[in-house]
Amino acid sequence: MKIGIVGLPNVGKSTLFNALTRSQGAKAENFPFCTIDPNVGIVEVPDERLHKLQNTVQTEVVIPAIVEFVDIAGLVKGASEGEGLGNKFLAHIRECDAIAQVIRIFEDKNVTHVHDSVDPKRDIEVIETELILADSQTLEKRLGKAESDAKSGDKDKKAYAELLKKIADALSSGQKVIDMALTEEENKAIHDLHLLTNKPFLYIANVHEDEIGSIEIPALKEKLGLGENERIIPICAKLEQDLGQLSAEEAQMFLDELGLQGTGLGALIQAAYDTLGLHTYFTAGKKEVRAWTIHKGDTAPQAAGVIHTDFEKGFIRAEVVLWKDLVESNGEQAAKEKGLVRTEGKDYVVKDGDVMHFHFSS
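Here the structure is a predicted model, which means the values were calculated and not measured. (Residues numbered from 1 in each chain as written. Predicted model: local features only at pLDDT ≥ 70, side-chain atom pairs only at ≥ 80, totals over all residues. Heavy atoms only, no water.)

Examining the overall build of the chain
No. 1: Each helix and strand in the chain was counted, giving 13 helices and 12 strands.
No. 2: Per-residue burial over the chain gives 47% buried out of 362 residues.
No. 3: Across the chain, the fraction of contacts at a sequence separation of at least 24, relative to all contacts at a separation of at least 6, is 67%.
No. 4: When the accessible surface of the chain is split by element, carbon and sulfur atoms take 47% of a total near 18,600 Å². (Helix = DSSP H or I, 4+ residues; strand = E, 2+ residues; numbered from the N terminus. Buried < 20%, exposed > 50% of the residue type's maximum accessible area, 1.4 Å probe, protein only. Contact = heavy atoms within 4.5 Å. Areas by Shrake-Rupley, 256 points an atom, 1.4 Å probe, with all protein chains shown as cover.)

The structure is reproduced here in structure tokens:
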């Protein structure tokens, strides 16, 4: 899973990136455009089930799922026309699975704002307008050729040109592509365009550490003009950075003191999984315990294919046990004796938390 981080300058993008990746890879200064080149960081997906499985099967090797974050230079109004650093860095997030927009909620006179005032609703509109304009430019380049090709009378080429025109008109009216409810076939037709506004959006509200424990999501959504189904995750980037310097035990104590259920990183990753329709299954043995990310609704052969394409092609059957049943039984043999391990075929839809062992022909 790959998430692109966008936002205005000085909203806390780079501080958040450093906190998420536990690094100092991104410059975080009190002036616009301190990030020039895109920063890329790999983050392990926190999952307490992995370590419970590790203790059960007694292996030293644990391989979690990962998320890749890409932090690009701050966008400003007029970026599509060359203002600030322009939108040349948007290419770096075109192949991301989702876009996370960081919005500054906190007030701090010592941290400048590119628009001289903190107005998160305005900031959302500025960023989304620039993404829409960037997509419009991408469409414009492709539409001319598509309309020319359609003159040949070819039915498919004509349909493609009409689709691009429909999308271009929607963008011109200020609509994001993802809000157009395109069909699966239409989305496949435009996949190679990697349109920015056709990706799921997550909103990260960067709040003051004194407010992080008392944020009410419905009220915050109303303040920002976001719909009921929009995903917003309150995070204090500074607090996340402080947590990154602590041990796991110290971090948990700190969170308990603040009355927080978990870190902002965990909440962000969970929101991304939910938004993208993803979940996790495991493989567990003496060699290693490993988490695998798949789409909800994937069948056993498709899940096997995430490990290796040969596993999917030669799939025969899968032995499946729920992770909790395996842990509570204290091992596979006892789980089998209790009848908790079952054999599933090609039509089995993998559930979150399944522990699987695949049989396949080479």
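Having put the structure on the table, let's press on.
With respect to the packing of aromatic side chains
No. 1: All chains considered together, the criterion is met by 4 aromatic pairs.
No. 2: Ring centres of Phe315 and Phe358 lie 6.3 Å apart, and the angle between their planes is 65 degrees; on these two criteria the pair is classed as edge-to-face. With Phe315 in strand 10 (residues 315–322) and Phe358 in strand 12 (residues 354–360), this pair connects stretches of sequence that are 43 residues apart. This pair shows no difference in class: Phe315 is buried, exactly as Phe358 is.
No. 3: Pairwise contacts between aromatic rings join Tyr281, Phe315 and Phe358 into one cluster.
No. 4: For Lys176, the ring lying beneath its charged end belongs to Phe201, and the centroid distance is 4.2 Å. (Phe/Tyr/Trp six-rings, centres within 6.5 Å; stacked < 30°, edge-to-face > 60°. Lys NZ or Arg CZ within 6 Å of the ring centre and 35° of its normal.)

Considering the sheet that holds strand 6 (residues 201–206)
No. 1: The 6 strands are arranged 2-4-1-5-6-7 in an open sheet whose pairing can be described as mixed. Of all strands in the sheet, those with a lone pairing partner are strand 2 (39–44) and strand 7 (231–235), marking the two edges. Between one strand and the next, the sheet's axes are offset by a mean angle of 25 degrees, whatever the strand orientation.
No. 2: As judged from the 5 bridges shared by strand 6 and strand 7, these two strands associate in the parallel manner. (Pairing = 2+ DSSP bridges. Axes fitted to C-alpha atoms, helices over the stretch in contact; angles between N-to-C directions.)

A look at the pairing of strand 4 (residues 66–71)
No. 1: The pairing of strand 1 (residues 2–6) with strand 4 spans 4 bridges and is classified as parallel. Bridge assignment links Ile3 to a residue of strand 4, and that residue is Phe69.
No. 2: Taken together, the 6 bridges between strand 2 and strand 4 define a ladder with antiparallel strand orientation. For Val43, the partnering residue across the bridge sits in strand 4 and is Val67.

Focus: helix 9 (residues 264–276)
No. 1: Between its first and last C-alpha atoms helix 9 spans 18 Å; for 13 residues at 1.5 Å apiece the expected length is 18 Å, and the two agree.
No. 2: For helix 9, every residue scored as buried is listed here: Gly264, Leu265, Leu268, Ile269, Ala271, Ala272, Tyr273 and Leu276. (Expected span 1.5 Å × (residues − 1).)

Some points on the environment of Met180
No. 1: Of note, Met180 is situated in the loop between helix 4 (155–172) and helix 5 (184–189).
No. 2: Taking the C-alpha atoms as reference, Met180 lies 8.1 Å from Ile167; in sequence the two are 13 residues apart.
No. 3: The residues contacting Met180, other than those within four sequence positions of it, are Lys166, Ile167, Ala170 and Gln175.

Regarding the side chain of Arg49
No. 1: Counting through the fold element by element, Arg49 comes out in helix 2 (residues 48–57).
No. 2: Accessibility expressed as a relative area gives 14% for Arg49, which makes it buried.
No. 3: Side-chain polar atoms of Arg49 contact the side chain of Asp47, separated by 2.8 Å.
No. 4: For Arg49, the residues in contact, after removing those within four places along its chain, are Thr280, Phe282, Trp323, Asp352 and Gly353. (Polar contact = N/O pair within 3.5 Å; in protein donor to acceptor, adjacent residues only side chain to side chain.)

Considerations on unusual backbone geometry
No. 1: For Gln58, which is not glycine, the phi torsion reads 55 degrees and is therefore positive.
No. 2: By the element assignment, Gln58 lies in the loop between helix 2 and strand 3 (62–63).
No. 3: Classification of Gln58 as exposed rests on a relative accessible area of 61%.
No. 4: A positive phi is found at Asn330, a non-glycine position, where the angle reads about 65 degrees.

Details of the pattern of salt bridges
If the charged atoms of two oppositely charged side chains come close together, the side chains can form a pair.
No. 1: In total, this model carries 18 salt bridges according to the counting rule given.
No. 2: Among the ionic pairs, Lys2 bridges to Glu68, the shortest N-O distance being 3.9 Å. With Lys2 in strand 1 and Glu68 in strand 4, this pair connects stretches of sequence that are 66 residues apart.
No. 3: The exposure class assigned to Lys2 is partly exposed, which follows from its relative accessible area of 24%.
No. 4: Overall, Glu68 belongs to the partly exposed group, its relative accessible area being 25%.
No. 5: Glu344 is the partner of Arg342 in a salt bridge, and the nearest nitrogen-oxygen pair spans 2.8 Å.
No. 6: One network of salt bridges, in which partners are shared, links Asp47, Arg49 and Asp352. (Salt bridge = Lys/Arg side-chain N within 4 Å of Asp/Glu carboxyl O.)

So, the nonpolar core
No. 1: The biggest cluster of nonpolar side chains holds 70 residues, and the ones touching the most others in it are Phe69, Ile93, Leu224 and Leu268.
No. 2: Take this core: its biggest share by element is 7 residues, from helix 9.
No. 3: Leaving out residues up to four positions away in the same chain, Phe69 has contacts with Ile3, Ile5, Phe17, Leu20, Asn39, Val40, Gly41, Val43, Leu265 and Leu268. (Core = buried A, V, L, I, M, F, W, Y, C linked by side-chain atoms within 4.5 Å.)

Focus on helix 1 (residues 13–21)
No. 1: When you tally the buried positions in helix 1, you get 9 out of 9 residues, the bulk of the element.
No. 2: Those residues of helix 1 not exposed but buried are Lys13, Ser14, Thr15, Leu16, Phe17, Asn18, Ala19, Leu20 and Thr21.
No. 3: Two residues or fewer past helix 1, Arg22 is found with a positive phi of approximately 50 degrees.

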